[in-house]
Amino acid sequence: MKIDKGLVKKMAELSRVRLSEAEVSRLEAEFSGIFDYFSSISELGSGGEPLFYVAGGSGKRREDSPAKGGKEADGIVAQFSRKEGRLLVAPKSMD
Amino acid sequence: MDTHTQRISGLLEKIRMENEKVGAFIEIYGEEALAKANALDAKATSGKKPGRLAGKIIAIKNNIAYRGKRLTCGSKMLANYLAPYDAAVVERVEAEDGIIIGSTNLDEFACGSDTTSSAIMRTRNPLDLDCVPGGSSGGSAASVAAGFADMALGSDTGGSIRCPAAFCGVVGMKPTYGLVSRYGLADMAMSLDQIGPLAKCVADVKLILSVIGGSDERDQTTASSPKSVDLGFEGKPSIAVAREFLEGADERIAGCFHSLVGKLKDDGYVISEISIPELRHAIPIYYLTVFAEFSSAMQKYDGLRYGKMDRELDSLVEGVSELRGDKFGLEVKRRILLGTFITTKEYQDAWYGKTLKARAVLKNAMESALSKHGLLLGPTMGVLPWKIGEKMTNPLEMYLTDMLTVPANLAGIPAGSVPFGKAGRFRPGMQVLGSRFSDAKVLALMEEIERLDR
């Protein structure tokens, strides 16, 4: 599969990961090799087989009642990078 | 006999002297371990019944939460993040009087097979300090091999317990998917991750697995797990060797394996040779699954919620992208990008959809071989530990080293590694695989292999 710099940059943008030009060049070269090797999944995964599901029969439901504990909240709030009271402060997403 | 306090004090001194050389621990919980040892000594004096892990010293991989301590996952992204609660396995270990002595190094977010992608420190193989300890639970395996801990907990997404166990000459077990609660484990790929133990001997692996296993309502995957884990011996099982397990294996490892097969046959075991051709596709299926799940798991790390950062973000998209670009290492970025790509609307059928189908085919092939033959046996790793830095330039080369360990995660089955024989300074690991929830049977054969190695 042909991977070019534009595609790597597009993936980085969608992933919210800024890359240096050196990283873009390196990943461009590597991704073609990885996708070429990995294309062999078509040999197993192209038929009418069902998709794999991890749950496989579990999916037991919990009682519809308030969760026990909940003491973790303070510890989680304490880890916010910037906060006002118990609220997380994030930069504006639009002007 | 030494008191618990004396033993911990001695061990903390040993770690202080030697950890710098090995680099097993990211953080040592000296105060907490001493307090626990004191409490255990007091308990012994008062005649109270000790817990099942009383006096056992346990190291935990630093992607497992221990309240109030740094949970770095080997990443700069979480360098200042303190775990807000204890993982389920930590609660269970402590409830049975295990002494947790510190957190161990790992590949960044468990992405790697030799612990070199950790942004925190470098871990070396105690058997040969120039070589890697394997990974991603490299610090856990090294802590046991170096004698810093009796047991360690790691996580295994595609071999991250078994690979370092095999490289460092210790025992390691990836339990059945759903046997051990992952509450408090920082996830890497949720359909594959499993917490499990490493130790010097199979008996200790059995012991700690009997403590940490069993259902937990905070992890839905454990819903079908037995209430308590029966780890009794289940008789002499039949065994099959898939010839794909030996394709391309280092001849010193293959030599140890053939000698093991010979000894087992002499001991009365029936061993048949079979073929599971689907195994040749395990690496693509595994990595494509990981890329998709990993890129999703990493979305939450935005620099806002998981500890103080070295800067204030002034814009959401650009600021977060720049921060993630700076804080994540190259292997993490590589996997995030590949996962984003194969799950885009344009490419998801061609890649992720096919991966899910292929995974079902491989899982069925493994299950059918196991239902027919009982247990599968092969080497854990096809290669011996490499020199530090040797495989850091070509990611595909690193991925291919996981060939023998990933099938167990794809199928959700138990698999353990136990050393057998010698290859220079190393003791190659032999891998036993069983059907779902046949962990007891897998451990029973591992114990037999351990006996035959004496």
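Residues numbered from 1 in each chain as written. Chains lettered and ligands numbered in written order. Predicted model: local features only at pLDDT ≥ 70, side-chain atom pairs only at ≥ 80, totals over all residues. Heavy atoms only, no water.

What chain B contains, in helices and strands, is 14 helices and eleven strands. Rg of the C-alpha trace for chain B: 21 Å, near the compact-globule value of 22 Å for 454 residues, within the 12% margin. Each principal axis of the C-alpha distribution contributes one length, and for chain B these read about 70 × 65 × 45 Å. For chain B, the proportion of its 454 residues judged to be buried stands at 64%. Considering only contacts within chain B whose residues lie at least 6 apart along the sequence, 76% involve residues at least 24 apart. A total accessible area of about 15400 Å² is found for chain B, and carbon and sulfur atoms account for 49% of it. Each charge sign in chain B was given a centre, from 55 positive and 56 negative side chains, and these centres are 2 Å apart. (Helix = DSSP H or I, 4+ residues; strand = E, 2+ residues; numbered from the N terminus. Rg over C-alpha atoms; globule rule 2.2 N^0.38 Å. Buried < 20%, exposed > 50% of the residue type's maximum accessible area, 1.4 Å probe, protein only. Contact = heavy atoms within 4.5 Å. Areas by Shrake-Rupley, 256 points an atom, 1.4 Å probe, with all protein chains shown as cover. Lys, Arg positive; Asp, Glu negative; His and termini not counted. Charge placed at Lys NZ, Arg CZ, Asp CG, Glu CD.)

For the rest of this paragraph, the subject is the packing of aromatic side chains. Counted by the stated rule, this structure contains 18 aromatic pairs over all chains. With a centroid separation of 6.2 Å and 25 degrees between ring planes, the pair formed by A:F38 and B:F291 is classed as stacked. Of the two residues, A:F38 is situated in helix α2 (residues 21-38) and B:F291 in helix α8 (residues 282-297); the pairing between them involves two chains. B:F291 gets classed as buried once you look at its relative accessible area, which sits at 1%. A ring pair is formed by B:Y81 and B:Y306, whose centres lie 5.2 Å apart and whose planes are at 70 degrees; its orientation type is edge-to-face. Within this pair, whereas B:Y81 is found in the loop between β2 (57-61) and α3 (88-95), its partner B:Y306 is found in the loop between α8 and α9 (317-327), the two being separated by 225 residues in sequence. For B:Y81, a relative accessible area of 10% corresponds to the buried category. (Phe/Tyr/Trp six-rings, centres within 6.5 Å; stacked < 30°, edge-to-face > 60°.)

Ranked by size, the top nonpolar core spans 126 residues in total, and within it A:F31, A:F38 and B:F109 carry the most contacts. Counting residues per element, this core draws most heavily on α8(B), at eleven residues. Leave out the neighbours within four places in its chain, and A:F38 touches B:I283, B:P284, B:Y287, B:L288, B:F291, B:W351, B:L396 and B:Y399. (Core = buried A, V, L, I, M, F, W, Y, C linked by side-chain atoms within 4.5 Å.)

Residues and elements named next belong to chain B. Looking at where T5 falls in the secondary structure, it is placed in helix α1 (residues 4-22). Residue classification places T5 among the buried residues on the basis of a relative accessible area of 18%. Only 2.4 Å separates the side chain of T5 from the side chain of D41, close enough to count as a polar contact. The residues touching T5, leaving out its near neighbours within four places in the chain, are L34, A37, N38 and D41. (Polar contact = N/O pair within 3.5 Å; in protein donor to acceptor, adjacent residues only side chain to side chain.)

So, about the confidence of the model for chain A. Confidence along chain A averages 85 in pLDDT terms, with 88% of residues attaining 70 or more. Confidence scores differ between elements of chain A, with helix α3 (residues 42-45) of chain A showing the lowest mean pLDDT of 84 and helix α1 (residues 5-15) of chain A the highest of 96. (pLDDT = per-residue confidence, 0-100.)

What follows deals with empty space enclosed by the protein. Residue and element names in this part refer to chain B. Taken as a whole and judged by the stated rule, the model has two cavities of 30 Å³ or more. What lines the largest cavity is a set of 15 residues, and nearest its centre among them are G112, S113, S160, Y286 and D402. Taken as a whole, the second largest cavity holds about 50 Å³ of empty space. A166, F167, I253, M381, V383, L384, P385, F426, R427, P428 and G429 together form the lining of the second largest cavity. In terms of residue class, the lining of the second largest cavity is built from nine nonpolar, one polar and one charged. (1 Å grid on protein atoms, 1.4 Å probe; cavity = no way out; pocket = protein on both sides within 12 Å on 5 of 7 lines; lining within 4 Å. Points joined across faces, edges and corners; volume = space filled by probe spheres on them. Nonpolar A, V, L, I, M, F, W, Y, C, P; charged D, E, K, R; others polar.)

Attention shifts here to α3(B). All names here are of chain B. Along α3, the residues classified as buried are A88, V89, V90 and V93. Of the surrounding secondary structure, the elements contacted by the buried residues of α3 are β2, β3 (99-104), β4 (151-155), β6 (195-199) and α6 (202-212). Once α3 ends, the next one or two residues include D97, with phi positive near 70 degrees.

Residues and elements named next belong to chain B. The buried fraction of strand β11 (residues 429-433) is high, at five of five residues. By the alternation rule, side chains of β11 split into G429, Q431 and L433 and M430 and V432, which are all buried. The pairing of strand β10 (residues 415-419) with β11 spans five bridges and is classified as antiparallel. Residue pairing across strands places S417 opposite Q431, the latter belonging to β11. (Pairing = 2+ DSSP bridges.)

Turning our eyes to something else, we now look at the environment of A:G45. Within the secondary structure, A:G45 is located in helix α3. As for A:G45 and A:L7, which are separated by 38 residues in sequence, their C-alpha atoms are 25 Å apart. With residues near it in sequence (within four places) discarded, A:G45 still touches B:K354, B:K357 and B:A358.

All names here are of chain B. Roughly 500 Å³ of internal volume is contained in the second largest pocket. As for the second largest pocket, its lining consists of 24 residues, of which Y85, G184, L185, A186 and D187 are closest to the centre. Grouping the amino acids of the lining of the second largest pocket by side-chain chemistry returns 14 nonpolar, three polar and seven charged.

With that out of the way, let us pick up the interface of chain A and chain B. Taken together, the contacts link 53 residues of chain A with 70 residues of chain B. Summed over both sides, the interface between chain A and chain B buries roughly 5400 Å², with carbon and sulfur atoms accounting for 68% of that surface. The interface formed by chain A and chain B contains four salt bridges. Across the salt bridge formed by B:R334 and A:E30, the nearest N and O atoms sit 2.6 Å from each other. (Buried area = accessible area lost by both parts, 1.4 Å probe. Salt bridge = Lys/Arg side-chain N within 4 Å of Asp/Glu carboxyl O.)

Here we come to helix α2 (residues 30-45) of chain B. Residue and element names in this part refer to chain B. The end-to-end C-alpha distance of α2, which contains 16 residues, comes to 23 Å, matching closely the 22 Å that a straight helix rising 1.5 Å per residue would cover. Listed in full, the buried residues belonging to α2 are G30, A33, A37, L40 and D41. With its buried residues spanning 100 degrees around the axis, α2 presents them on a single face. Backbone geometry just downstream of α2 places G47 in the positive-phi region, at approximately 80 degrees. (Expected span 1.5 Å × (residues − 1). Arc of directions from axis to C-beta.)

A few words now on the state of the cysteines. Taken as a whole and judged by the stated rule, the model has zero disulfides over all chains. For B:C131, which is in no disulfide, the shortest distance to another cysteine sulfur is to B:C168 and amounts to 10 Å. (Disulfide = S-S within 2.5 Å.)

Here we take up unusual backbone geometry. Residue and element names in this part refer to chain B. Across the junction of G135 and S136, the peptide omega takes the value 10 degrees, indicating a cis bond. For S136, the location among the structural elements is in the loop between β3 and α4 (138-145). Backbone geometry at D97 places phi at a positive 70 degrees, although glycine is not the residue there. Relative to the assigned elements, D97 resides in the loop between α3 and β3. At T115, a position not held by glycine, the phi torsion is positive, near 70 degrees. Among the secondary structure elements, T115 is positioned in the loop between β3 and α4. Relative accessible area serves as the criterion here: at 1%, T115 is assigned to the buried category.

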